[in-house]
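Residue-level listing of the chains:
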Amino acid sequence: MKDSSIYLTRRTMLGTLLAVPALALPQPSTPLPNYQSREIEEARVRAELKDAKGTKLVLLGTGAGPLPGQNRHMQSSILVHNGAAYVVDCGLGVTDLFARTGIPFSAVRSIFITHHHPDHNVEYGPFLIIGWIHGLKQSVTGFGPPPLAQMTEDYMKSMKVTIDFWAEDFKLTPFGVITCTDLPKEGPVMQDENVKVSSVLVRHPPVRPAYGYRFDFTDRAIAFSGDTVPLEAVAQMARGADVLVHEAMEVPATEEMVRQQSTEWHSASFDTMMHHMRADHSPTEDVGRIAQEAGVKTLVLSHLTPDSSALVSDNRWIQGASKYFKGQIIVGHDLMVI
């Protein structure tokens, strides 16, 4: 009798909803900004990558911190050259954003993790498994700080049942543990026919080691700071590069954001959070100074703290970095092609 009552209640509710006048419901002409903007961004990035010549940098996620539901997704980028793709960091959303670019998963050669914070590595494992279903090859390789190899092995073990089910359903060869290289120190990372990759130690306590990476292609050199305070070592690594992708923090706006977070939901106090931010991240003006020292052509600001355009406009980011840097400054946005 209880089940019947529930059923009748739900049926009555459905009838009530269907009886609402059409004018009270969203009409087809009603704007759907989230879906529309997503479709526009997807069409744009695919158009920019179609028949692209030379090396392209695609920013997937440009936000900072493990904060879901924000304007920007968590950190991830792709470098595309001669049909091969190289992924840098795997924050939440990387798999969906990668698919939106139109780059085939089979194009992925290697994945590079800068450090083990969730906004940089939380979707590393899922990217492998979902990617496998859509053509990611077993030959893909991983590079990053220890214990990346053990983390990869543990994740693949945890997903074995799922992998076996999918392999049986779709007549696929089960995806196994990929080849991973732990990087206990800075220096050369890898080289193939497209690119030479090197790393530099950065300062992001208490995470040790944490890396920045430099990718030298035949036509472009692109460097990534990773998460760090301003470091001369990053300027040296990026010296003469075409592009430096550097994290950036707008301090007054960050203080405003942290003050709100510390009172609303975060267990850490304002002082504790701001101590972390100052000890681990780079004020925008200092980012400009590092880029000027490095002599790069283009500075790309990413891993933006805070990510809200209501708190910091693009012009404000550029004003801060241009205090020292006199080259081209690009404020990173998700699905931007450079």
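Residue positions within a chain follow its written sequence, with the count starting from 1. Per-residue local features of the predicted model are confined to residues with pLDDT of at least 70, and side-chain atom pairs are confined, for both listing and counting, to 80 or more; whole-chain, interface and lining totals are unaffected and use all residues. Side-chain metrics rest on all non-hydrogen atoms present in the structure, leaving aside hydrogens and water.

What follows concerns the nonpolar core. Here, nonpolar core means buried Ala, Val, Leu, Ile, Met, Phe, Trp, Tyr and Cys residues that are tied together by side-chain atoms lying within 4.5 Å of each other. Here's how the labels work: a residue is buried when its accessible area is under 20% of the maximum for its type, exposed when over 50%, partly exposed in between, all with a 1.4 Å probe on protein chains only. Of all hydrophobic cores here, the largest spans 35 residues; its most connected members are F98, V108, I111, Y124 and F175. Counting from the N terminus, the helices are DSSP H or I runs at least four residues long and the strands are E runs at least two residues long. Tallying contributions element by element places helix α5 (residues 124-133) first for this core, with 5 residues. Every residue pair with non-hydrogen atoms within 4.5 Å of one another is taken to be in contact. Setting aside chain neighbours within four positions, we find F98 in contact with L60, I78, V87, I103, P104, F105, V108 and F127. With 30 residues, the next largest nonpolar core counts V234, L304, V312 and V331 among its residues.

Aromatic ring pairs are defined here through the distance separating the ring centres and the angle between the ring planes. Here a Phe, Tyr or Trp ring, Trp counted by its six-membered ring, pairs with any other such ring whose centre lies within 6.5 Å, and the pair is stacked when the planes are under 30 degrees apart, edge-to-face when over 60, and tilted otherwise. Within the structure shown, the criterion is met by 12 aromatic pairs. Consider the rings of F112 and Y213, whose centres lie 5.7 Å apart with planes at 65°: the pair is edge-to-face. A residue pair is termed long-range when its members are at least 10 positions apart, and F112 in strand β4 (residues 108-112) and Y213 in strand β9 (residues 207-217) qualify at 101 residues. Counting every residue linked through ring pairs, the aromatic cluster contains F112, F143, Y211, Y213, F215 and F224. Only Lys NZ and Arg CZ are tested; either one counts as a charge over a ring when it is within 6 Å of the ring centre and within 35 degrees of the ring normal. A cation over a ring is seen here: R259 above F270, with NZ or CZ 4.6 Å from the ring centre.

Glancing now at the environment of G142. Note on placement: G142 falls in strand β5 (residues 141-144). Separated by 40 residues in the primary sequence, G142 and D182 have C-alpha atoms spaced 8.5 Å apart. Setting aside residues no more than four positions away along its own chain, G142 makes contact with I111, L148, I178, T179, C180 and T181.

Read from one edge of the open sheet, 7 strands run β7-β8-β9-β10-β11-β12-β13, paired in mixed fashion. With partners counted over all chains shown, the strands left at the sheet margins are β7 (187-191) and β13 (328-331), one partner each. The mean inter-strand angle of the sheet, taken between neighbouring strand axes irrespective of direction, is 25°. Judged from the 3 bridges that link them, strand β10 (residues 221-224) and strand β11 (residues 243-249) form a sheet pairing that is parallel. Two strands pair if DSSP finds at least two bridges between them. Under this scheme, a helix contributes an axis fitted over its contacting stretch, all axes are lines through C-alpha atoms, and angles between N-to-C directions fall in the 0 to 180 degree range.

What follows covers the layout of surface pockets. In this structure, the largest pocket spans a volume of roughly 600 Å³. Taken together, 28 residues line the largest pocket, and the ones lying closest to its centre are Q70, N71, R72, H73 and D334. If you list the elements that add at least two residues to the lining of the largest pocket, you get α2 (33-49) and α3 (94-101). At 5 residues, the largest contribution of residues to the lining of the largest pocket is made by α2. Along the walls of the second largest pocket sit 24 residues, with G65, P66, M273, H276 and M277 positioned nearest its centre. Breaking the lining of the second largest pocket down by element, the ones donating at least two residues are α4 (118-121), α9 (251-264), α10 (270-280) and β12 (298-305). Of the residues belonging to the lining of the second largest pocket, the class tally is 11 nonpolar, 10 polar and 3 charged. In this analysis a 1.4 Å probe is tested at points of a 1 Å grid over the protein atoms alone, and where it fits but cannot get out there is a cavity; an open set with protein on both sides within 12 Å along at least five of seven lines is a pocket; lining residues have an atom within 4 Å of a point. Grid points are joined across faces, edges and corners, and a volume is the space filled by probe spheres set on the points. The residue classification treats Ala, Val, Leu, Ile, Met, Phe, Trp, Tyr, Cys and Pro as nonpolar and Asp, Glu, Lys and Arg as charged. All others, Gly included, are polar.

Spatial relationships are all this shows, so hold off on functional conclusions.
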